[in-house]
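Chain by chain, the residues run as shown.
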Amino acid sequence: MTGKGRDKVSLFKRLLQMVRNLRAESDRMHALACICRTALCVDLFAKESVRRGQKPVPGTDVISLFEDVRVKEDLNSVTSKNLFREELVASLVESCFQLSLPLPELKNSGTESRVIGALAYGTGYGALNWTEPALDVVEVCRPCVLWDCNGRTYAIDCYLKLLVRLCHIYDTRGGVKTIKAGASQDQILNETRLRNLQLQLIRDLREVHTPRISSRLIWAISEHFDLEGLDPLLADDPEDPLNIIISNMHKILFNTDSSATTSNRIQDVQAVLICAQRLGARNARAGQLLSKELEEFRASTSADSVTKHQSRYVLQVIKYVTNHPDNRWVGVGDATGDYPFSHHKLTVQFSEAAAAQDRKLEGLVHKAIRELWRPNASQLTLLQTKGIGALHKELPKACTLTGSSDPCYIEAYHLADPTDGRITLHLKILNLTELELNRVDIRVGLSGALYYMDGFSRTVRHLRNLVSQDPVQSSVTVGVSHFERCSLWVQVLYYPFYGTGGSADYEGDYAEEDSQMMRQKRSLRPELGEPVVLRCQPYKIPLAELLLPLECSPVEYFRLWPSLPAMVECTGTYTYEGSGFKATAAQQYDSSPFLSGLKSISSKPFHQVCSHFIRTVAGFQLCYAAKTWFGGFVGMMIFGASEVSRNVDLGDETTTMICKFVVRASDESITREIESDLQGWLDDITDGAVEYMPEDEVKSAAAERLKISMERIALLKAAKPKVPPAKTEQEEEEERKQSEELDGFGNPKGPSTLSKLTAEEAEHRALQAAVLQEWHQLCKEKAMKAQ
């Protein structure tokens, strides 16, 4: 048994080293999730065996994962650039949270559920059993609070969130319980370990040089620290935990460095002021010390008007609690167990590059753990329950790259893998001649953000004896480094004189500029002969292909929309077709004929947040949310014009429609890439149905329409009968006063409710209200269908 346990531990260590070297992120995350879950399960089984009287097996605890020298060095290094340690800590902590959740329902029973079920029966699944391996995790991962990760905070947030959860469960602010109070030996031991860990983290506060992390660490400790258990004789000692906490709060309040990677001053100060209120309301000495700090902060230039008012409010709360110690002020001193620091709750971090990296890492970790702990239904289950339609996927469209007269016909399509950030180009090569082609080389070049997965500077495929009308399949896989337009350039080198002993002179298009090709020229054997270079048209990867749908509610979407810093706008025209009968029928069945040109957007990688048609004026608004493969957020709104360019009548066979595309993103590089080729972007998302129209043309077209409308109005006015003589000014004034005092029914008017909004603001608010209303209606329909 002992030998087997040691073997398992050494296997874990070897696996960790192997996982570190996996290049594909999704594979690495999945392997990490497997290792972390297995390690936690082994730990739980071992502890349960000890409770039942068996001998403890050495090396079965989670801490043994971190015994490797390289892992230890990474964990204790402050400025290591290795992302693997963040992935390891995040995976381990998120696995602890999964262990704390109840068992999955029986309808999801499968291999994974049986593993968790066996774990539950084997350990006598209790509410606090999972906290013991979690305690090991927070103890061994403690050095992560000292890390400098270039502004990334996801792994540290995970760690502190687990620490807060454990402190809240064990109620550490009440001190270590005693046997007289009914505490068990295990509970006393665990609470003592947590108390010692808190003291160690307070000492670590002085080594944390990043205000952003300091404020989070103070938040995690201050709410759950046992202030009453401090020695009153050490009140003036600088090593006293309370004095260390308050001195670090002082540093954050008076910190002037507001660089994005180290500080987020607005957020940090808010967190510290809330912590000051919690500490001051719980302990008299803390209240006295914090009152001095807050008074000093209010009088300084470091505080703005908002923080001055907030400081005043906190001072009043502390003063009231100090003067009324017997009165319990509900809600002031209670522990909530909340840890609010994440990009979900704080949009102020949204536009930073580090926050985008955090969101990407979080998405990868969550996906891997969800697949492992709560897997989706298998394809066989889907087939049995929902039928074959559930598995049907649309085949990718292939496009032809070669000319009609070329001896080789090449057709290509691509498949994208967003989790690993790679694209595979599949080629079908066909010999169109009646002869057998002795040798054909296929060469693939790259432009944009692509790179070869195998590290070579080019890819060449040598095809020998290509039989007539016999297709040959070939593929090349490339990685995508960032969000940018990219293309694959296919080139065919056909050797008509291969094997005939022809000349070895090779003058390809790249001979002068490519040193590698020069070497190839010198090394060519005489029997190759001179090749014929056939250039194919480039295979462009659509920019929209580098996006993923991001599901969010309209409320969240409209909250994020104004905070996105980068924006690009463009106007497009498209045509919708439909006779008068079709258009009338479409309106009767609540579908709009205007969206026929935008139909292809639904198949693109966007999440349609909401759509609304204002049918009275033939206008619409569509909202889409997406994120890039690399973590950036992209929001898109499409506004349909309330008029058509030729005729408002829906009976036209073909009518041109104008619509406005507004794209906002979390990073300027995203919008810059879209703006560099607006027509290309519209082609990517609408399959070429929308044509970009420059602003000047839009204005001139609008002016032309206005001119025609004015001419028609002038004609109508000329055709009208003569108006009666004008009234005197006195009569007009009396009529105006009368109409102001009476409403349309002749009754006296009440107070005015006229809006002072501009037309654009009113329209935008009306659209938002309509969109939210439509979303709620869709939710109701979905709920009714589910019943």
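For clarity, every value in this text was computed on a predicted model and none was experimentally measured.

Draft legend 1. Expanded view of the environment of Arg20. Looking at where Arg20 falls in the secondary structure, it is placed in helix α1 (residues 2-20). Residue Arg20 is classed as buried on the basis of its relative accessible area of 11%. Taking the C-alpha atoms as reference points, Arg20 and Glu87, separated by 67 residues in sequence, lie 9.9 Å from one another. Beyond its immediate chain neighbours, meaning those up to four positions away, Arg20 contacts Arg28, Arg70, Val71, Asp74, Asn82 and Phe84. At a separation of 3.0 Å, a polar atom in the side chain of Arg20 contacts the side chain of Asp74.

Draft legend 2. Looking closely at the confidence of the model for the protein. Looking at the protein, the pLDDT average stands at 75 and 71% of residues meet or exceed 70. Here residues 501-513 scores under 50 on pLDDT; set against residues more than four positions off or in separate chains, the count is 28 contacts.

Draft legend 3. A look at the pattern of salt bridges. If you walk through the whole model with that rule in mind, you get 21 salt bridges. When the shortest N-O distance is used, the salt bridge between Asp74 and Arg20 registers 3.0 Å. With Asp74 in helix α3 (residues 69-76) and Arg20 in helix α1, the pair connects residues that are 54 residues apart, well separated along the chain. With respect to class, Asp74 is no different from Arg20; both count as buried. With a closest N to O distance of 3.8 Å, Asp226 and Arg195 form a salt bridge. Taken together, the residues span a long stretch of sequence, with Asp226 in the loop between α9 (211-222) and α10 (241-253) and Arg195 in helix α8 (residues 185-204) at a distance of 31 residues.

Draft legend 4. Layout of the sheet that holds strand β7 (residues 472-480). Reading across from one edge, β1-β2-β3-β7-β5 is the order of the five strands in this open sheet, with antiparallel pairing throughout. In this open sheet, the two strands that pair with only one neighbour each are β1 (399-400) and β5 (450-452). The pairing of β1 with strand β2 (residues 408-417) spans two bridges and is antiparallel. Bridged to Cys399 within β2 is Ala412.

Draft legend 5. Molecular detail of the packing of helix α4 (residues 84-100) against helix α14 (residues 353-373). The interhelical angle for the contact between α4 and α14, taken along N-to-C directions, is 45°, at an axis separation of 10 Å. Taken together, the axes of α4 and α14 are oblique relative to one another. Viewed along their axes, α4 and α14 form a crossing whose handedness is right-handed. Residues Glu86, Glu87, Ala90, Ser91, Glu94, Ser95, Gln98 and Leu99 of α4 pack against Leu361, Val365, His366, Ile369 and Trp373 of α14. For the contact of α4 with α14, the class distribution of residues is six nonpolar, four polar and three charged.

Rules used in this analysis
Residues numbered from 1 in each chain as written. Predicted model: local features only at pLDDT ≥ 70, side-chain atom pairs only at ≥ 80, totals over all residues. Heavy atoms only, no water. Helix = DSSP H or I, 4+ residues; strand = E, 2+ residues; numbered from the N terminus. Buried < 20%, exposed > 50% of the residue type's maximum accessible area, 1.4 Å probe, protein only. Contact = heavy atoms within 4.5 Å. Polar contact = N/O pair within 3.5 Å; in protein donor to acceptor, adjacent residues only side chain to side chain. pLDDT = per-residue confidence, 0-100. Salt bridge = Lys/Arg side-chain N within 4 Å of Asp/Glu carboxyl O. Pairing = 2+ DSSP bridges. Axes fitted to C-alpha atoms, helices over the stretch in contact; angles between N-to-C directions. Parallel < 35°, antiparallel > 145°, perpendicular 65-115°, else oblique. Left-handed = near helix turned anticlockwise from the far one by under 90°. Nonpolar A, V, L, I, M, F, W, Y, C, P; charged D, E, K, R; others polar.

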